[in-house]
Amino acid sequence: EDVVRALEKFNADVAFIMLHGKPGEDGTVQDVLEKNGIPYTGSDSRASAICIDKVKTKIELIKAKLPTPEYFVLDGAPPKIPPALQFPLIVKPLDEGSSFGVQIVENDQQLLRIAHETITQFGNGFVEEYIRGKEITIGILGTGEKAITLPILELRPKSGFYDFQAKYTVGMTEFILPAELSKELYQRSQDIALAAYRTIGCRGFGRVDMMVAQDGTPF
């Protein structure tokens, strides 16, 4: 409500959203602006609400036959690993950003403990296949068929895992631009990023993060 009152006071032509995390990236602010007839930058409330939720996003990617790691959702009960998954695994909250709460687990005991911690702290969570390989991120500008990809950025965390500390501590991550990928893999990764962006209905600008597995599959 304060945001709307401030924008009305300044008679804003458009809101340039620079908010990070909830409620700035999850569709809440976007929905308020839509209801008040104030144009804004970036994706709409629907796409934002999907993107903040990793499992909702994965469901959309799977429908579109785009590669995303195998997973199962935590429901508060002791986790049962599907046959398709094996250790190491990665545990994540459903709707946090910046790798907040993300942890790698190596065995059943760790999984049981961290699954409980995740549900207790965040109220939700899921377990995903852990992809070893290169971490890349692809910026995108535009909307629909007019959307274009920017050069691919490769991230090399010195700790080996691009966690919260690696993201926000100066010197903890090496950035390679353009990413050191074969020409074919570079193009394939950009194509998948664009397909994901369009599938979810993102607009204006965004970024698609990927892990490129050791066999060259971008997830």
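Residues numbered from 1 in each chain as written. Predicted model: local features only at pLDDT ≥ 70, side-chain atom pairs only at ≥ 80, totals over all residues. Heavy atoms only, no water.

## A few points about the overall build of the protein chain
Next, step 1: Of the regular secondary structure elements, the protein chain holds seven helices and nine strands.
Next, step 2: In terms of overall size, the protein chain behaves like a compact globule, its C-alpha atoms giving a radius of gyration of 19 Å where 219 residues would be expected to give roughly 17 Å.
Next, step 3: Along the first, second and third principal axes, the C-alpha atoms of the protein chain reach 55 × 45 × 40 Å.
Next, step 4: When contacts within the protein chain are restricted to residue pairs at least 6 apart in sequence, long-range pairs at least 24 apart make up 58% of them.
Next, step 5: Looking at the protein chain as shown, the accessible area adds up to about 12700 Å², and 54% of this sits on carbon and sulfur atoms. (Helix = DSSP H or I, 4+ residues; strand = E, 2+ residues; numbered from the N terminus. Rg over C-alpha atoms; globule rule 2.2 N^0.38 Å. Contact = heavy atoms within 4.5 Å. Areas by Shrake-Rupley, 256 points an atom, 1.4 Å probe, with all protein chains shown as cover.)

## Considering helix α4 (residues 54-63)
Next, step 1: Within α4 the residues assigned to the buried category are V55, T57, K58, E60 and L61.
Next, step 2: Where α4 is buried, its residues contact α3 (45-52), β1 (71-73), β4 (126-129) and α7 (183-200).
Next, step 3: Immediately downstream of α4, the backbone of K65 shows phi near 60 degrees, a positive value. (Buried < 20%, exposed > 50% of the residue type's maximum accessible area, 1.4 Å probe, protein only.)

## Concerning a nonpolar patch on the surface
Next, step 1: Judged by side-chain polarity, F16, M18, L141, I148, L150 and F205 come together as a nonpolar surface patch covering roughly 620 Å² of accessible area.
Next, step 2: Looking at where F205 falls in the secondary structure, it is placed in strand β9 (residues 205-213). (Patch = residues over 30% accessible without salt bridge, like charges linked within 9 Å, V, L, I, M, F, W, Y side chains within 5 Å. Salt bridge = Lys/Arg side-chain N within 4 Å of Asp/Glu carboxyl O.)

## Considering the sheet that holds β4
Next, step 1: Sheet architecture is open: four strands sit in the order β1-β4-β2-β3, paired in antiparallel fashion. Two strands bound the open sheet, and with one partner strand each, they are β1 and β3 (103-105). Direction aside, the axes of adjacent strands within the sheet are offset by 25 degrees on average.
Next, step 2: Of the pairings in the sheet, the one linking β1 to β4 comprises three bridges and is antiparallel in character. The partner of Y71 across the bridge, within β4, is E128.
Next, step 3: Of the strands in this sheet, β1, β2 (89-92) and β4 are in contact with α4, which crosses β1 at around 135 degrees.
Next, step 4: Across the sheet, helix α5 (residues 108-122) touches β2, β3 and β4, and the angle it forms with β3 is around 155 degrees. (Pairing = 2+ DSSP bridges. Axes fitted to C-alpha atoms, helices over the stretch in contact; angles between N-to-C directions.)

## Overview of unusual backbone geometry
Next, step 1: The linkage connecting F87 with the following residue, P88, adopts the cis geometry, with an omega of 0 degrees.
Next, step 2: By the secondary structure assignment, P88 is in the loop between β1 and β2.
Next, step 3: Following L177, the chain continues into P178 via a peptide bond in cis, with omega recorded as 0 degrees.
Next, step 4: Relative to the helices and strands, P178 resides in the loop between β8 (173-176) and α7.
Next, step 5: We note that N11 has phi near 50 degrees; this positive angle belongs to a residue other than glycine.
Next, step 6: With a phi close to 60 degrees, K65 is a non-glycine residue in the positive phi region.
Next, step 7: Along the polypeptide, K65 turns up in the loop between α4 and β1.
Next, step 8: Residue class for K65 comes out exposed when judged on its relative accessible area of 76%.

## Notes on the pattern of salt bridges
Pairing between side chains of opposite charge can happen when the charged atoms of each approach one another.
Next, step 1: Enumeration according to the criterion identifies eleven salt bridges in this entry.
Next, step 2: Of the charged contacts, one joins D31 and K35 as a salt bridge, the two residues approaching to 3.0 Å between their closest N and O atoms. Taken together, the residues D31 and K35, both in helix α2 (residues 28-35) and four residues apart, mark about one turn of the helix.
Next, step 3: When salt bridges with common partners are traced through the structure, they connect K134, E154, R156 and E180 into a single cluster.

## Things to note about the side chain of T137
Next, step 1: Here T137 lies in strand β5 (residues 133-141).
Next, step 2: By relative accessible area, which is 8% here, T137 ends up buried.
Next, step 3: Reaching out from T137, the side chain makes a polar contact with the side chain of R207 at a distance of 3.0 Å.
Next, step 4: The contacts of T137, once residues within four sequence positions are left out, are I152, L153, L155, R207, V208 and D209. (Polar contact = N/O pair within 3.5 Å; in protein donor to acceptor, adjacent residues only side chain to side chain.)

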